Number of protein chains: 4
Amino acid sequence: MKTQQTAEGVARPAGRPRSEKADRSIIEATLELLGEGIGVSELSIESIAGRAGVGKTTIYRRWSNKEDLVVDALATLKPPIPLPQGGTVRDDLVTYLRVIQEESRHHRTRCIMNIAMSDSERHPRLAERFRELAVEPRRAVVAAVLRRGMETGELRADLDVDMALALLSGAMIWSTKWSHSGDHQADLPERIVDEALKGFRPRPSTPEP
Amino acid sequence: MKTQQTAEGVARPAGRPRSEKADRSIIEATLELLGEGIGVSELSIESIAGRAGVGKTTIYRRWSNKEDLVVDALATLKPPIPLPQGGTVRDDLVTYLRVIQEESRHHRTRCIMNIAMSDSERHPRLAERFRELAVEPRRAVVAAVLRRGMETGELRADLDVDMALALLSGAMIWSTKWSHSGDHQADLPERIVDEALKGFRPRPSTPEP
Amino acid sequence: MKTQQTAEGVARPAGRPRSEKADRSIIEATLELLGEGIGVSELSIESIAGRAGVGKTTIYRRWSNKEDLVVDALATLKPPIPLPQGGTVRDDLVTYLRVIQEESRHHRTRCIMNIAMSDSERHPRLAERFRELAVEPRRAVVAAVLRRGMETGELRADLDVDMALALLSGAMIWSTKWSHSGDHQADLPERIVDEALKGFRPRPSTPEP
Amino acid sequence: MKTQQTAEGVARPAGRPRSEKADRSIIEATLELLGEGIGVSELSIESIAGRAGVGKTTIYRRWSNKEDLVVDALATLKPPIPLPQGGTVRDDLVTYLRVIQEESRHHRTRCIMNIAMSDSERHPRLAERFRELAVEPRRAVVAAVLRRGMETGELRADLDVDMALALLSGAMIWSTKWSHSGDHQADLPERIVDEALKGFRPRPSTPEP
DNA sequence: CTATAAACGAGACGGTACGTCCAGTCTTGCT
DNA sequence: AGCAAGACTGGACGTACCGTCTCGTTTATAG
C-alpha cells in the first residue's frame, strides 16, 4: 500500500511529506540569485542549495532540471503592478508603457525581463511559461483598453488590436534596449503613445479634436 | 630587439607571426557552433579549439574572453541583405521588415538574433558590438527612407524618426516572439507598416490620397 | 506507567513489541549480502533495509551502528563443524586444520574469515566478537587435544599449548594467504602438522616410535 | 605526430609532462592519511586531493582507482629494516620475528600490516602487490637463514623451508592478533622460535648437542 | 471499548563523496 | 615568438548513502 488516507479523505503518498519550507527557500534562493544578475545558464544548483540551506537532493527530488525550477520560481512572481485604468485611452496606454519601463529599471523585475529575453530557443519551456505569466495577462489588459477606445470612438473602429499592442510594447522594449543613449528617458512612454496614435502619415488640414 | 623590419619597411614583432589560418578556423568554428544552436553561455572554448583543430592557448592568446571572440566572429558576418530601396516609402519599409523577418527564420542569422537578444547585462560588450554591427546600419538606412518620405510629403513633416523606427522594428520583433501563433505570418510586415502609417486615431472623413 | 505485566510475570515496556520477524529478516539480509561478497565497509544500511523489506529506522532502532549489526549477525552463525575427535593427536590436529582450510574455501564461511581478518583497528568490536565466537571455541577444542597428547606421552610434557596452537593455526592461515601458489594444496594440513610435530632441529639417530 | 624527440633520443608524449611534484604529494598525502588510521575503504580521493593540494582530476589521470593508488603508495615504502644476520640460526630467526613484532607496534608500519591483512578478495591487486613488496623479500631472507642452518647441521637436512617459514611467521601474526592478552609480550619471538625448533614431540633421552 | 504508547513502512531531510566534465592557465618541444 | 598538445587547479554536475526526522498505520496492553 503506497498511499495513506487522511481525515479529509485525500489520498497522500506514504512517508514523510515534502517540506513546504524547503520549497519556499529554494524558490526564494533561486529568485535572489537571478535578481543578483546571475543568468539562467550561470545559475548553479549547488549555489541555490547553498543559499537555500538545503541539500542538492532536495532540489533534484522536486525538479529534474534547472529550467523547470526557474519556471516555477517565475510562476511565484505575480504580475507586480496590475494596470490601473479608467482614464482616457492615451493615459492608460502611457501608464501601461510606464509600468514596462519601470520594470526594466528595478531589480527583480529586470532580471525576469532578462530571462524572458534570453535565448528562447534553448529554454523553450521557460519562454512559454513567461508568455503565460507575464505577456498574456498584459496583452489582455491592454486589449481591453484598446477595445474600449474603439467603442468610444477615441480610436479607429477598424484598429488591429494585436498589431497596436505589438507596436506599443515593441517600441518600448526596442527603445529601452537600442536607443542611442542608454540613459533613462522619462517621457518615452508619452512619445511612443503619441507617435503611435498619430500614425506616420500627415493628416489633412484638420485640427485635432 | 623586439621588432623586425620587413622589406616594405613596416615594423613587426619578432618571432613566428600569428597564423591567419588559425584565426580563420577559430572564427569559423565559433560561427558553426553558434549556428548549431549553441548559446553564448554554453559555448565552450574547448569545443571551439577542438572544432578548429587548434590549441586552447591559441585562442586565449588572441582573445582574453569568450565574449570578445564572439564579438569578432559576429563582425565577420556582413549585413547579409543590404536594404534595396527606391520604391514608395511604404514599400521600402515593408521590405525592411521582411528582411528582419527572414533573418529570424534562417539558421545562422537567427542565432545572431538570439545572441543579440540574450541578456545584454551579462554580455555588455556583445550587445554594444551588435548595436554597431547590426542595429546602427539599419537604423541609418531606414532613417534615410523615412526622411525621404518626409521630404516628399508622403510622411508627416514632424515625424519623430527614432520613434518611428522603434515602432516598426519593435513591433516586428515583438510579434515574432510573442504573437499567439508561433507560425509564420507572411503578411506581418505589411500589416505592421500599414497600421503604423495610419496611426490609431480615426481620420476625419477625408479620403486617403 | 511505562511497563506492562505479562502472564509470566516478566515486566515489559508498553507499546507495540518489536517484531521478531523484522529482527530475523534484517540479520538474514545482512548475512546474505555479506555472503555475496559485500565487505563490511561496502555494506550499506540502505541495502540491508531494502533486502529485508524493512524501514531504515527499524534497523537503527536496534543497532546504533553497522558493526553492532554485523556482530550480531555473525553471532547467529554457529561454529559449523565442531571438531570430531578421538583418533591420534596427529589425526585430530590434521582434521582441525582441514576444517579451517575448508572454511576458507566455502562461501559464507570465507566471507566471515574475511571480515575477521579485516582491519581490526577500525572495527574493534567486530574483532572482539569474532574472537569470542570463532577463535576461543576452537582454541579450547584444540587445547584439549594437545593436553590429551601430553598426558598420553604422544607430545612433550612441557609443550606450550598456546604457542603450539599459534604455530598450527598461524601456519595454516599464512600458507593459505601467502603461499607461492594460490591454488589449493590438499595435503597442507598434514604437512603443517608433521613439520610442527618434528620440530626444526635434527633428531639424534633414534628411530621414531 | 603524437610524440616528440628529446636530445637523448627518447621519445616522449606531446604536451606538458606530468608533474613529479604532484606525483609525490599525492603519494605522500595518501600515506599520511593511511598512517592516521584511515582505512582503505574510508580513504576518500577527495581528502587525498585536498591534503595534497591537487585537483581530483590529477589523481584520476594517474590512477583509475583507489587500489592502484594505494598500491603505488605502498611501493614507495622500502622494507624499513632489512634483516641483520650472521649469528646462530636461532638468533637470526628471533631477530626476524622481532622485526615483524615491532612493525605491528609502530605507526606507519602497522597501517601497512592492516592494509595487507584487509580483505584480500575485495582488494586483490593490493594483496598481490603487498606480497611482492613485503612478503617475498622477507621470505627470501629467512629462507637463506634456514638453508644455512641446514648446511651447518643446526637444522634438519630435510626441513621444509616454506613450511618452517609459514610456522614462524604465521605464529607471530596469529599471536599478535588473537592471543588472550592484547598487551605486548616481549619474549614472544623467543618462545615461538624455541617451540618451533624443538617440535611438539618428546625427544628420546638424548642430551641436546 | 477505548486510550495510550511504541514500533512499523515509507520516504524526505541536510550532508559527504563519488567520478566526470570543462574553464582558464601553464609548460613542454617543435616550427 | 607562435604553435598543438596536454597537464594543471578548481568547481559544478547528477547519483548514492549516510544517519535523522516526520508522516499515518498497526499492534499491543491498561483502564
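This section reports on the structure supplied with the text. Remember, it's a predicted structure, so these values are computed and weren't measured experimentally. Numbers given to residues run from 1 along each chain, matching the order in which its sequence is written. Whichever chain is written first is A, and whichever ligand is written first is 1; the rest continue in order. It should be noted that, the model being predicted, local features are given only for residues of pLDDT at least 70 and side-chain atom pairs only at 80 or more, the latter also being counted only at that level, while totals for whole chains, interfaces and linings use all residues. Remark: hydrogens and water are excluded; side-chain values derive from all non-hydrogen atoms of the structure.

1. Digging into the overall build of chain A
Looking only at helices and strands, chain A features nine helices and two strands. Reading chain A from its N terminus to its C terminus gives the helix and strand order β-β-α-α-α-α-α-α-α-α-α. Exposure is judged per residue with a 1.4 Å probe applied to protein chains only, and the accessible area is read against the type maximum: over 50% gives exposed, under 20% gives buried, and values in between give partly exposed. Residue burial in chain A is summarised as follows: out of 209 residues, 45% are buried. Counting only carbon and sulfur atoms, one obtains 54% of the accessible surface of chain A, whose full area is about 10500 Å². Helix and strand definitions follow DSSP, with helices as H or I runs of at least four residues and strands as E runs of at least two, each counted in order from the N terminus. Accessibility throughout is a Shrake-Rupley quantity obtained with a 1.4 Å probe, and a residue counts as covered only by protein chains that appear here.

2. Examining the side chain of D:Ser175
On the secondary structure map, D:Ser175 appears in helix H8 (residues 161-178). The class of D:Ser175 is buried, set by a relative accessible area of 6%. Two residues qualify as a contact provided that any one of their heavy atoms is within 4.5 Å of a heavy atom in the partner residue. In this structure D:Ser175 touches C:Ala166, D:Leu188 and D:Ile192, once residues within four positions along its chain are discounted.

3. A short note on the pattern of salt bridges
As a working rule, side chains carrying opposite charge can pair if their charged atoms are close by. Residues and elements named next belong to chain D. By definition here, a salt bridge exists when the distance from a side-chain nitrogen of Lys or Arg to a carboxyl oxygen of Asp or Glu is within 4 Å. Scanning the model with the defined rule gives 55 salt bridges over all chains in all. Two residues, Asp 23 and Arg 62, come together in a salt bridge whose shortest N-O distance is 3.3 Å. Of this pair, Asp 23 sits in helix H1 (residues 20-35) while Arg 62 sits in helix H3 (residues 56-62); the two residues are 39 residues apart in sequence, bridging distant segments of the chain. Judged by its relative accessible area of 27%, Asp 23 is partly exposed. You can call Arg 62 buried: its relative accessible area is 16%.

4. As for the environment of C:Met172
Residues and elements named next belong to chain C. Note on placement: Met 172 falls in helix H8 (residues 161-178). Under the relative-accessibility criterion, Met 172 is labelled buried at 0%. On a C-alpha basis, the gap between Met 172 and Pro 189 in space is 7.2 Å, while along the polypeptide they are 17 residues apart.

5. Regarding the protein's contact with DNA strand E
Taken together, 46 residues form the shell around DNA strand E, and within it A:Arg61, B:Ser44, C:Arg61, D:Ile45 and D:Tyr60 come nearest. Of everything in DNA strand E that lies within 4 Å of the protein, sugar and phosphate atoms constitute 66%. We define a polar contact as two N or O atoms separated by no more than 3.5 Å, with the added condition that, inside protein, one atom must be a possible hydrogen donor and the other a possible acceptor, whereas residues neighbouring each other in sequence contribute only through side-chain atom pairs. Here a phosphate oxygen of DNA strand E and a side-chain polar atom of C:Thr58 are 2.6 Å apart. Within the side chain of D:Arg16, an N or O atom sits 3.0 Å from a base oxygen of DNA strand E. In these notes, residues near a molecule or strand are those with any non-hydrogen atom within 4 Å of it.

6. Remarks on the nonpolar core
Counting residues in each nonpolar core, the largest one holds 66 residues, and the members touching the most others are A:Ile192 and B:Ile192. Contributing elements (two or more residues each) for this core: helix H5 (89-103), helix H7 (124-152), helix H8 (161-178) and helix H9 (188-198) of chain A together with helix H5 (89-103), helix H7 (124-152), helix H8 (161-178) and helix H9 (188-198) of chain B. Look past the residues within four positions of A:Ile192 in its chain and what remains in contact with it is A:Leu97, A:Leu168, A:Ala171, A:Met172, A:Ser175, B:Met163 and B:Leu167. In this structure, C:Ala171, C:Leu188, D:Leu97 and D:Met150 belong to the second largest nonpolar core, which totals 65 residues. The set of buried Ala, Val, Leu, Ile, Met, Phe, Trp, Tyr and Cys residues whose side-chain atoms join them within 4.5 Å is what this entry labels a nonpolar core.

7. Considerations on H8(B)
For H8(B), with 18 residues, the first-to-last C-alpha span of 25 Å sits near the 26 Å given by 1.5 Å per residue. In terms of burial, H8(B) is a largely internal element, 15 of the 18 residues being buried. One fewer than the residue count of a helix, multiplied by 1.5 Å, yields its expected span.

8. A word on the packing of H8(C) against H8(D)
Remark: H8(C) packs on H8(D), axes separated minimally by 6 Å, with the N-to-C direction vectors making an angle of 105°. Taken as axis vectors, H8(C) and H8(D) run roughly perpendicular relative to one another. Of the residues in H8(D), those in contact with C:Leu165, C:Ala166, C:Leu167, C:Ser169, C:Gly170, C:Ala171, C:Ile173, C:Trp174 and C:Ser175 of H8(C) are D:Leu165, D:Ala166, D:Leu167, D:Ser169, D:Gly170, D:Ala171, D:Ile173, D:Trp174 and D:Ser175. All amino acids are sorted into three groups, where Ala, Val, Leu, Ile, Met, Phe, Trp, Tyr, Cys and Pro are nonpolar, Asp, Glu, Lys and Arg are charged, and the leftover types, Gly among them, are polar. Across the contact of H8(C) with H8(D), the residue classes tally to twelve nonpolar, six polar and no charged. Here, axes are lines fitted to C-alpha atoms. For helices the fit covers the stretch in contact, and angles between N-to-C directions go from 0 to 180 degrees. Orientation is classified from the angle alone, with under 35 degrees giving roughly parallel, over 145 giving roughly antiparallel, 65 to 115 giving roughly perpendicular, and any other angle giving oblique.

None of this, on its own, says anything about what the molecule does.
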